[in-house]
Amino acid sequence: MTTEQILIPDIGNFDSVDVIDVLVNVGDSINTDDSLITVESDKASMDIPAPKPGIIKELKIKIGDKVKEGSLVALIETSSATKVVKADNIEKEIKVEKVVEKIIPEPSRPAPEPPPTIQPTENPLPIGESALVTNGKLSHASPSIRKFARQLGVNLSLVQGTGPKNRVLEADVKNFVKGELAKPRSESMGSQFAPIPMPDIDFSQFGSFETQPLSKIKKISGANLHRNWVTAPHVTQFDNADITDLEAFRKSMQKEAEKRGAKLTLLAFLMKACVNALRTYPTFNSSLSPDGETLILKNYYHIGFACDTPDGLVVPVVKDVYKKDVLDIAHDLGELSKKARERKLKMDDMQGGCFTISSLGGIGGTKFTPIINCPEVAILGVSRSAMQPIYNPDTKAFEARLILPLSLSYDHRVIDGADGARFTSHLGAMLSDVRRLLL
Ligand code: CAO
C-alpha cells in the first residue's frame, strides 16, 4: 500500500476558489471519478473527482477553505506506485449547460413542468453552474448533488437548499426524502396529484401592495376545502324550485315565528325539505369509509349550514332536523348563526353533520359549485330567488313565479348522476308544495 496526495487540478482562470462541500470522510473507500469536494468561484461550482481508487487516509481541507491549482485535498492509500496524483479528469465533471438543460432531467425520468414564470434562456450559465428552479427563483446545487438527487428520483426544484446562497446540500436532499416518506401516501411526491410549487412572484415589479395574514379559520377551512376538492370527484347538478307558494306561506307565518323567538327564513324550510330528500335517497346521508370499501349509512339527520363570519366560513350543525318542526329549526339557525358571528361556537356545535346547505340567497348570484364538506357526500348550494316567466301547460300561458336556483354538488364515487338529478327534482317538488313535507 502506498500513500499518495490528491491535488487540485487546473480549474481554469481562477486564482482561488472556495470549498463549499466535502463529500468524503476519512476511511471512505473511493473509486475513480467519485466526487471528493465541491468548490465554487463567484461564477461557477464544480466537483473535484478522485483520479484513482483508494482509501481516504487524511483530509487536508475543510468547508470554507480557499484552494487553487496544486492545493492538497487529501492523502489516500492506494496500491499504485504513483506518488502525486493530479485530478486531471475534472473536465468530465465541468459541464457547460444552459438553464433549459438544467431544469429538464434525464430522458428516462418524468420531466416536471418548469414553473411558468421562468423562461428558458439561450444564454449559457458559467461553467459548472447548476441552476434549479425553486419557487420561481434560481437556486444551486453541485453536479454531485444533482447526480445524487437523480439517483433517488428527487426533483431538486422542490428541495429547499440550506447551504450558502440557498445551495442544495446532500443533507437537504436526504431530509427532503425523509419528509416525503413520512407523509401520508396521497400527499407524497409519488402522488400524481402532487402540484408543482406556486411561483413566488415579486409583485412590487408591477405596482404597490399590502399584505394581510390569513385568519386562523381561513387557514383551517382552506386546508380542508383543498383536501375535499382534490379527493372527492365532484359533480354539480343544477336545478330550479318554484317557491312562490312557499314564500307566501313563510311571510304569513313570520308573526307566529317571532312569538317563538325565531326569524322564519327560507333556510329552515330548505333543511326540512333536504331531510325528506335524504330519507328518500339514503346514499346522500352517508359517508365513504377511509379505505373506500364501505358506505356508512346514517340513521340520524344533522344538517350543517355554511355561515359567513368576519373571520371566514364556519359550518354550524343543526342536530336532529328530522325530529324538529320548521319553527324549531328556524330558532336553532338563529342561535347558531349568532354564536358563529360572536365567535362563541363550541366544537360540538360544528360536529356530526350529515349534509350541508350553503345559502348565498341573501347575497346574490344565480348558480355556484359548492365544495363537499367531506366526509359528507353531498352539499346543496342555494342562490338568490327571482321572479321568472314560467309556462303553465294547463292554462297555456306564462305566469310570474318565484324561482329558487339549486346547485347540488355530490361525490361521484358514491352517487350516480341519475340519483343527483332525482334528488334535486325531489327537493324541487317538496319546495314547490310544502304540504308534501307532512306526508
Ligand atoms: N333568495 C332571495 N332572498 C333570500 C334568499 C334567497 N335564496 N335567502 C335569503 N334571502 C333573504 C332573506 O329573506 C333575508 O331577507 P329579509 O331580511 O328581507 O327577510 C335576507 O336575504 C338575509 O337572509 P339571512 O342571511 O338573514 O338568512 P338566511 O337564512 O338566508 O342565511 C346564513 C343565514 C347564515 C346562511 C347567511 O347569513 C350566511 O352566512 N350566508 C352565507 C353562506 C356562505 O358564505 N356560503 C358560501 C360558502 S362557500 O361554499
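Preceding this paragraph is the structure being described.
The following paragraphs examine the structure supplied in this document. (Residues numbered from 1 in each chain as written. Predicted model: local features only at pLDDT ≥ 70, side-chain atom pairs only at ≥ 80, totals over all residues. Heavy atoms only, no water.)

The helix and strand inventory of the protein chain stands at 9 helices and 22 strands. Across the 439 residues that make up the protein chain, the buried fraction comes to 43%. Sequence separation of at least 24 residues holds for 62% of the intrachain contacts in the protein chain that already meet a minimum separation of 6. As presented, the protein chain carries roughly 24,500 Å² of accessible surface, and 54% of it is formed by carbon and sulfur atoms. (Helix = DSSP H or I, 4+ residues; strand = E, 2+ residues; numbered from the N terminus. Buried < 20%, exposed > 50% of the residue type's maximum accessible area, 1.4 Å probe, protein only. Contact = heavy atoms within 4.5 Å. Areas by Shrake-Rupley, 256 points an atom, 1.4 Å probe, with all protein chains shown as cover.)

The next subject is the pairing of strand β19 (residues 355–359). Within a regular beta strand, the side chains point alternately toward one face of the sheet and then the other, so they alternate between its two faces. Counting buried positions along β19 gives 4 out of 5 residues, so the element sits mostly inside the fold. As paired strands, strand β15 (residues 303–305) and β19 are joined by 3 bridges and run parallel to one another. Directly across from Phe-305, in β19, lies its bridge partner Ile-357. As judged from the 4 bridges shared by β19 and strand β20 (residues 378–382), these two strands associate in the parallel manner. Considered in β20, the bridge of Ile-357 is made with Leu-380. (Pairing = 2+ DSSP bridges.)

A few words now on the site of the ligand. Around the ligand, the structure places 21 residues, and the nearest of them are Asp-308, Arg-341, Ser-358, Ser-383 and Ser-385. Within the backbone of Gly-361, one N or O atom sits 3.5 Å away from a nitrogen atom of the ligand. Compared with its free state, where it exposes 960 Å², the ligand has 68% of that area covered by protein. (Near = heavy atom within 4 Å. Polar contact = N/O pair within 3.5 Å; in protein donor to acceptor, adjacent residues only side chain to side chain.)

This part covers helix α3 (residues 170–182). Taking 1.5 Å as the rise per residue, α3 with 13 residues should run 18 Å; its terminal C-alpha atoms sit 19 Å apart, in good agreement. When we look at burial in α3, the residues that qualify are Asp-172, Val-173, Phe-176, Val-177 and Glu-180. The buried residues of α3 occupy an angular sector of 135° when the element is viewed end-on, so they sit on one face. Across from the buried face of α3, at angles greater than 90 degrees, the exposed residues are Lys-178, Leu-181 and Ala-182. Contacts from the buried residues of α3 go to α2 (143–152). (Expected span 1.5 Å × (residues − 1). Arc of directions from axis to C-beta.)

Attention now goes to unusual backbone geometry. Cys-374 connects to Pro-375 through a cis peptide bond whose omega is 10°. One non-glycine residue with positive phi stands out, namely Asp-33, at about 80°. Positionally, Asp-33 belongs in the loop between β3 (29–30) and β4 (35–40). With relative accessibility at 26%, the residue Asp-33 sits in the partly exposed group.

All right, on to the packing of aromatic side chains then. Aromatic ring pairs: the centre-centre distance and the angle between the two ring planes describe each pair. For the structure on display, the rule yields 8 aromatic pairs. For the ring pair Phe-284 and Phe-423, a centre distance of 4.2 Å and an interplane angle of 20° mean the geometry is stacked. Of this pair, Phe-284 sits in the loop between α7 (266–280) and β13 (286–288) while Phe-423 sits in helix α9 (residues 417–432), and the two are 139 residues apart along the sequence. Each member of the pair Phe-284 and Phe-423 is classed as buried. Between Tyr-301 and Tyr-322, the aromatic rings sit 5.9 Å apart at their centres with planes inclined by 55°, giving tilted as the arrangement. Remark: Tyr-322 occurs in the loop between β18 (317–318) and α8 (326–341) and Tyr-301 occurs in the loop between β14 (295–297) and β15; sequence separation between them is 21 residues. One aromatic cluster in this structure is built from Tyr-281, Phe-284, Phe-355 and Phe-423. (Phe/Tyr/Trp six-rings, centres within 6.5 Å; stacked < 30°, edge-to-face > 60°.)

Tallying each qualifying case throughout the model produces 20 salt bridges. Note that Glu-4 is salt-bridged to Lys-52, the shortest N-O span being 3.8 Å. Taken together, the residues span a long stretch of sequence, with Glu-4 in strand β1 (residues 2–7) and Lys-52 in the loop between β5 (45–49) and β6 (54–59) at a distance of 48 residues. For the pair formed by Glu-4 and Lys-52, the shared burial category is buried. Each member of the salt-bridge network shares a partner with another, and the members are Asp-242, Asp-245 and Arg-401. (Salt bridge = Lys/Arg side-chain N within 4 Å of Asp/Glu carboxyl O.)

Locating Asp-172 in the fold gives a position in helix α3. There is no salt bridge for the buried Asp-172, and the closest opposite charge comes from Arg-167, which lies 9.0 Å off by N-O distance. At 2.8 Å, the side chain of Asp-172 and the backbone nitrogen of Leu-169 are in polar contact. Apart from residues lying up to four places away in sequence, Asp-172 is in contact with Val-159, Gln-160, Gly-161, Thr-162, Gly-163 and Arg-167. (Lys, Arg positive; Asp, Glu negative; His and termini not counted.)

The next point concerns a nonpolar patch on the surface. On the surface, a cluster of nonpolar side chains totalling about 380 Å² of accessible area is made up of Phe-203, Phe-206 and Phe-209. Checked against the element boundaries, Phe-209 lands in the loop between α3 and α4 (216–231). (Patch = residues over 30% accessible without salt bridge, like charges linked within 9 Å, V, L, I, M, F, W, Y side chains within 5 Å.)

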